[in-house]
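# Breakdown of the fold
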Amino acid sequence: MSWFEILRFALRGLAANKLRSFLTTLGILIGVGAVILLVAFGEGASQSIQQSIQRLGSNTLTISASFSGGGFGGGGGGGGGQAGGPRTQARQLTLEDARALADREQAPSVRSVSPVVTASSATAVHEGASHTISQLVGTYPSYFEATNKPVTSGAYFVNDDVLAARKVMVIGRTVAEELFGAADPVGRRVSVSGVPFTVVGVLKELGSSGMQDADDVAIVPLPAVQQSLTGFGALGSIIVQATGAGTTESAQAEVTAVLNQRHDITPTGTADYRILNQATLQETVSSTIGVFTALLGAVAAISLLVGGIGITNIMLVTVTERTREIGIRKAIGAPRSAILGQFLLEATVLSLVGGLSGVAIAFVGTRFTIAGIEPVIVPSSIALALGVSVGIGLFFGSYPANRAAKLRPIQALRHE
Amino acid sequence: MTTPVLSVQELSKVYGEGDAQVRALRGVSLTVERGDYVAIMGASGSGKSTLMNILGCLDVPSSGRYLIDGADVGALEERQLAVLRNRKIGFVFQSFNLIPRMSALANVELPMAYGGVGAAERRARALAALEQVGLSDRVRHEPNELSGGQQQRVAVARALVTAPSLLLADEPTGNLDTASTGDVLEILDRLSASGRTIVIITHEDDVAAHAKRVIRLVDGQIVEDRRQAPVDGPPPRMPEVPA
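Residues numbered from 1 in each chain as written. Chains lettered and ligands numbered in written order. Predicted model: local features only at pLDDT ≥ 70, side-chain atom pairs only at ≥ 80, totals over all residues. Heavy atoms only, no water.

- With an unreviewed UniProt entry as reference, chain B is termed Putative ABC transport system ATP-binding protein, source organism Streptosporangium canum.

- In the annotation of an unreviewed UniProt entry, chain A is listed under the name Putative ABC transport system permease protein and assigned to Streptosporangium canum.
- On record in UniProt, under Sequence similarities (unreviewed entry), the comment for chain A is "Belongs to the ABC-4 integral membrane protein family."
- As stated in UniProt under Subcellular location (unreviewed entry), the record for chain A gives "Cell membrane". (UniProt positions renumbered as here; feature names shortened; annotations may be inferred.)

What follows is the structure in structure tokens.
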């Protein structure tokens, strides 16, 4: 009795009940395909989120004013915000704060400081084309490096432009397309709320991240936007770049010390500003994504489990239903090994065909972008899904088959 | 005297335990010589099927010895038992027991597949066996496309294709009409005439009349053992076929 012979019996057994074989295969296919696809989806999401965080720049701190009283509606006007209750007067961030942070003596870990004011929804007009820029940022040239925003055509503005409050502008891809279409915007004039700006550069396309279009942005020298749009009030935020990825923590400590001193904040008091550390943010998001991936994995594992129960069920039914056939085979002299081999091979063929087609379907499925996420196949998920489905098929195929093969022929024959 | 094909001593079989205990066989001793054609008769519940299942190595006795061609069956392992069923015994069931969705040819080839016979030889021998039972024109048919008589003839072909020492038939005509019964009995007569050892179970006198020796079982014991024809002669009901 060769293995080839047993394989022929197994295939004949499968062909004898095509619908059942097909449905079993389908169950395994869905289980395996779902695991690989879901894990790939989770991996793709995690990679895309991590990329968009890395685009923000990893060793920067964003300092913004905070009003724990919460009642201050930000108009950027003078006078400062009044915090409710017994708190000391909260102060806005000022250009002087930014200058103090740039002091090498007090903050040696700080590489650059970029004060930022933001005018939202400024309307830009160019030769009849009009576009509302969602973020008009007034800042220093160091902002480009700190926030990782390179230009693709033209140039950045320089410190001279800031000192002279020149009306120059670097725009994002979306703004360029809305106002100029395919034409090169560098050197053209754009009027923002009636003030003419000259476009000097176009930022590299960042792509939209979440709800906000990161390319719908225009960056101008700080005094230029203050003069024409926001007035010389408080800063929206200060972006501090640390000297390296390893010094962000010390930079944060130095910044805290300087600002506490300037804002008269006692060590026990509540700060009137907030420091957002990109590295911390990245860690937080990474762990969130880890939970997310684990969740997807759990869903996938459940579908694999359901698939496995399907295989188990079919195998049990198949063997039980064919106990009589096993009896006949034993009566005409089939050794136990041949019977066991036949059922094992039937189970193996079913789980392998189902599993491999599941892998194939998953490969096809991951070619498509789902909800803006490009799935990334994780090789270990393929091995896991295939291994589990084949393992379940073999175990639950062999267990009842072994039991039936052990019966005396007459017991198996009498089984109905 | 050569070794008897089959020899059982003080065979007994008990089913169940306690109050529900049933003693199906109560010490049966029997010897069957090579070339004999034995009919075992008995009413329902007399233990004849139990005896047959033990003779076919499908079941094990509670006590007693059973020798086939001089080999003690009780001492054999599972593996050797499978070989024994395959080589020495051909079993024909009342309910045919062909494997569904396999052609007549594949069914007849099956014992040889388990016996390790090569594909070409297997095919030739299966076709020869099917010709012997007059089913050369039905080799591609599956069991459900065959009549009862035809199915039983396929089963006979399957039983004899391995050239076993012993052909056992458990009420082979029990589910058949008169014409098919005639066909099957004629085949058995011819096999007997060609020297095959046959043990058949029946409760019909007509069927028993074909045998050279008739054994009657009552309540698990042999009550009658009557010889109708000599062991080495032709079966009694076979005058028309030239020897």
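Having seen it, we continue.
## With respect to the overall build of chain B
- Across its full length, chain B holds seven helices and 10 strands.
- Against the 2.2 N^0.38 benchmark of 18 Å for 243 residues, chain B shows a C-alpha radius of gyration of 18 Å, consistent with a compact globule.
- Its C-alpha atoms give chain B principal-axis dimensions of about 50 × 40 × 40 Å.
- Considering only contacts in chain B between residues 6 or more positions apart, those separated by 24 or more positions represent 70%.
- Approximately 10,300 Å² of chain B is accessible, and the part contributed by carbon and sulfur atoms is 47%. (Helix = DSSP H or I, 4+ residues; strand = E, 2+ residues; numbered from the N terminus. Rg over C-alpha atoms; globule rule 2.2 N^0.38 Å. Contact = heavy atoms within 4.5 Å. Areas by Shrake-Rupley, 256 points an atom, 1.4 Å probe, with all protein chains shown as cover.)

## Structural notes on the interface of chain A and chain B
- The partner chain B presents 27 residues to the 25 residues of chain A that form the contact.
- Taking both partners together, chain A and chain B bury about 2,300 Å²; carbon and sulfur atoms supply 57% of that area.
- Its largest share of buried area at the contact with chain B, chain A owes to Ile 328, Ile 332 and Ile 410 of chain A, together 23% of the area lost on that side.
- Applying the counting criterion to the chain A and chain B interface returns three salt bridges.
- Between Glu 78 of chain B and Lys 330 of chain A there is a salt bridge, and its shortest N-O distance comes to 2.9 Å.
- Of all the secondary-structure elements, those providing two or more residues to the side of chain A that touches chain B are helix H1 (3-16), helix H10 (323-331), helix H11 (336-365) and helix H13 (409-414) of chain A.
- Of the residues forming the side of chain A that touches chain B, the biggest block, six residues, is contributed by H10 of chain A. (Buried area = accessible area lost by both parts, 1.4 Å probe. Salt bridge = Lys/Arg side-chain N within 4 Å of Asp/Glu carboxyl O.)

## Points about the sheet that holds strand E6 (residues 89-92) of chain B
Residue and element names in this part refer to chain B.
- Taken together, the six strands give an open sheet; going across it, the order is E6-E7-E8-E3-E9-E10, and neighbouring strands pair in mixed fashion. Two strands in the sheet have a free side with no partner beyond their single neighbour: E6 and strand E10 (221-227). Sheet twist, expressed as the mean angle between neighbouring strand axes with direction ignored, is 15°.
- Here strand E7 (residues 166-170) runs beside strand E8 (residues 197-202); their pairing, made up of five bridges, is parallel. Residue pairing for E8: Ala 169 is matched across the bridge by Ile 200.
- Lying on the sheet, helix H1 (residues 48-55) is in contact with strand E3 (37-42), E6, E7, E8 and strand E9 (213-218); it crosses E8 at an angle near 150°.
- Running over the sheet, helix H5 (residues 148-160) touches E6 and E7 and is turned about 170° from E6. (Pairing = 2+ DSSP bridges. Axes fitted to C-alpha atoms, helices over the stretch in contact; angles between N-to-C directions.)

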